[in-house]
Amino acid sequence: MITGDAAYIKKINRSLILEKIIEEGMISRADISKATALTRATVSAQVADLVDEDLIIEAQLEHNSVGRKPIMLSLNAEAGYALGIDVDYGQISFTIADLLGKPVTEKIIEYKNLDYENVLQILIEQINLFNEEFNDNRYGIIGVVIAIHGLVGKDEKIHFVPRFQWRSVQLKEDLEKACKLNIHIENNANMSAFAERAYHHHETNSLLCATIYSGIGLGMIMDNEFFRGNDGFAGEIGHMIVVPHGRPCSCGNKGCWEQYASEIVFLENMKEERNLSSFTYGDLEKLINEGDQEILERLDNYIYYLSIGLNNMINMYNPDTIVLDGEILRLYPDSINKIEEHLTSSISHYRQLSISSFGKKSVTMGACAFAIKHFLDVPMLNLKYQEA
Ligand SMILES: [Zn+2]
């Protein structure tokens, strides 16, 4: 137990107050005191500091009843901006969000040259442009969080990015040298999980988020912290073997889950079966709407394999909330119920299974929210999702 460390206690109190103000949107000093069990004097002293720092603004509520109008406090959303970046294969997405996590600008850059040096130059150029554009406020760009579709260590070093063939690159150091901003490197699945927790699932402190587009990645939040494993590489659940001696996988094993339940493999299989040059989500949607019997059978089979992996995940982690981030599940009617029909084990326990409502934006939104969490130094954020 830590006692007598005044600076530490002050920091904890500050984050309690900030968390409450963000969660409520607008709240009086008296109500903060009630909600946090901090004394009125402590709340007033902390709020004075936060007002001085331009992080909190005061507003007097207009109402007709007699008596003093309470002064309400809210976060100064425009005191600075977070930059979230998703470095995906052939496409880099950027989102700028204010301090309440509301996206204010979005940008996508397509590129072909996957070399590290090329991607680094694109990032430096764009980050510097955003930094110039958003410097007309107290804090400017408060932090940049970059999501990588590969293995990112606890030290934020990029160990391996399979589709880029990047090994041991020091993106954080390279960008900090060139951009003079706080840069953080994270895994993409973790950022999707963080977006779900911060914007949509405030009631849970145990959430799994599986992204199933090109491979299958798992972001895990346990007791409001990421579960990262020994090196930071936990969550490579797509390489869990679900079919012994099954289809070969790029990892060197056979029968990995993502060879059966990732969307890219499903679309690829349909392309080959139907002898087409391409098979897109749009093609799939059309066939579902037409009630194409063969497609519906393939989808049932896809759901079956997806459920096998989910069953294993649930038994391993006993999560409260599981979010699945994939387009096929959004297109296929009633997909959650169809998955749950397969989750019949009397051992598996979870509270809710849902489909992400973000789509691919979850990565940059989670990255922005994570930058805000770092900047405000709070244990968790409960943000309201607002469209750009
Ligand atoms: Zn594999």
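Thresholds, definitions, all that
- Residues numbered from 1 in each chain as written.
- Predicted model: local features only at pLDDT ≥ 70, side-chain atom pairs only at ≥ 80, totals over all residues.
- Heavy atoms only, no water.
- Core = buried A, V, L, I, M, F, W, Y, C linked by side-chain atoms within 4.5 Å.
- Buried < 20%, exposed > 50% of the residue type's maximum accessible area, 1.4 Å probe, protein only.
- Helix = DSSP H or I, 4+ residues; strand = E, 2+ residues; numbered from the N terminus.
- Contact = heavy atoms within 4.5 Å.
- Disulfide = S-S within 2.5 Å.
- Pairing = 2+ DSSP bridges.
- Donors = N, O, S within 2.8 Å, 3.2 Å for Na, K, Ca; no water.
- Tetrahedral: all angles 85-135°; square planar, octahedral: opposite > 155°, others 65-115°.
- Lys, Arg positive; Asp, Glu negative; His and termini not counted.
- Salt bridge = Lys/Arg side-chain N within 4 Å of Asp/Glu carboxyl O.
- Domains from an automatic or database assignment.
- Buried area = accessible area lost by both parts, 1.4 Å probe.
- Polar contact = N/O pair within 3.5 Å; in protein donor to acceptor, adjacent residues only side chain to side chain.

Caption draft 1: View of the nonpolar core. Ranked by size, the top nonpolar core spans 46 residues in total, and within it Ile17, Met191, Phe194, Tyr199 and Leu376 carry the most contacts. Where this core is concerned, the elements lending two or more residues are helix H1 (6–24), helix H3 (40–52), strand S3 (71–75), strand S7 (141–148), helix H6 (188–200), strand S12 (206–211) and helix H13 (362–376). Of the residues forming this core, the biggest block, nine residues, is contributed by H13. Excluding residues within four positions of it along the chain, Leu376 makes contact with Leu18, Ile22, Leu55 and Leu75. Ile212, Met222, Leu284 and Leu310 belong to the second-largest nonpolar core, a separate cluster that totals 39 residues.

Caption draft 2: Local environment of the state of the cysteines. Tallying each qualifying case throughout the model produces zero disulfides. Between Cys368, a free cysteine, and Cys179, which holds the nearest cysteine sulfur, the sulfur-to-sulfur gap is 16 Å. Judged by its relative accessible area of 0%, Cys368 is buried.

Caption draft 3: Fine view of the pairing of strand S9 (residues 158–161). Alignment of strand S8 (residues 151–152) against S9, held across two bridges, turns out to be antiparallel. Bridge pairing in S9 places Val152 opposite Ile158. The turn linking S8 back onto S9 is made up of five residues, and Glu156 within it adopts a positive phi angle of 70 degrees. Between S9 and strand S10 (residues 166–169), which pair antiparallel in sequence order, lie four residues; one of them, Gln165, sits at a positive phi of approximately 55 degrees.

Caption draft 4: Region of interest: the coordination of the zinc ion. In this structure, His239 (ND1), Cys249 (SG), Cys251 (SG) and Cys256 (SG) serve as the protein donors to the zinc ion, at separations of 2.1 to 2.3 Å. Considering all four donor atoms around the zinc ion, angles at the metal cover 104 to 124 degrees and the coordination shape is tetrahedral. Considered as a linear motif, the donors of the zinc ion on their single chain read H-x9-C-x1-C-x4-C. On the basis of relative accessibility, which here comes to 9%, the residue Cys249 falls in the buried class. Residue class for Cys256 comes out buried when judged on its relative accessible area of 0%.

Caption draft 5: Seen up close, the side chain of Asp98. Tracing the chain through its elements places Asp98 in strand S5 (residues 91–98). Among buried Asp, Glu, Lys and Arg side chains, Asp98 stands out as unpaired, with Lys102 the closest opposite charge at 6.0 Å. For Asp98, the residues in contact, after removing those within four places along its chain, are Ala77, Gly80, Tyr81 and Ile372.

Caption draft 6: Fine view of the pattern of salt bridges. Tallying each qualifying case throughout the model produces 23 salt bridges. The shortest N-O distance in the salt bridge between Lys20 and Glu24 comes to 3.6 Å. Placement of both Lys20 and Glu24 in helix H1 is noted, with a separation of four residues, approximately one turn of the helix. With its nearest N and O atoms 2.8 Å apart, the salt bridge here joins Glu273 to Arg298.

Caption draft 7: Region of the structure containing unusual backbone geometry. At Ala37, a position not held by glycine, the phi torsion is positive, near 65 degrees. Relative to the helices and strands, Ala37 is located in the loop between helix H2 (29–36) and H3. Judged by its relative accessible area of 71%, Ala37 falls in the exposed class. Of note, Asn224 is a non-glycine position whose phi angle comes to about 60 degrees, a positive value. When you line up the elements, Asn224 lands in the loop between strand S13 (217–222) and strand S14 (225–226).

Caption draft 8: The arrangement of the domain arrangement of the protein in detail. Domain boundaries assigned for the protein yield domain 1 (6–75), domain 2 (78–193 + 362–376) and domain 3 (201–356). If you look at the interface, domain 1 gives seven residues, while domain 2 gives seven residues. When the area that domain 1 buries against domain 2 is broken down by residue, the three leading residues are Asp54, Leu55 and Leu75, summing to 59%. Taken together, the links from domain 1 to domain 2 amount to one salt bridge. At the junction of domain 1 and domain 2, the tally comes to four residue pairs in polar contact (both at pLDDT 80 or more).

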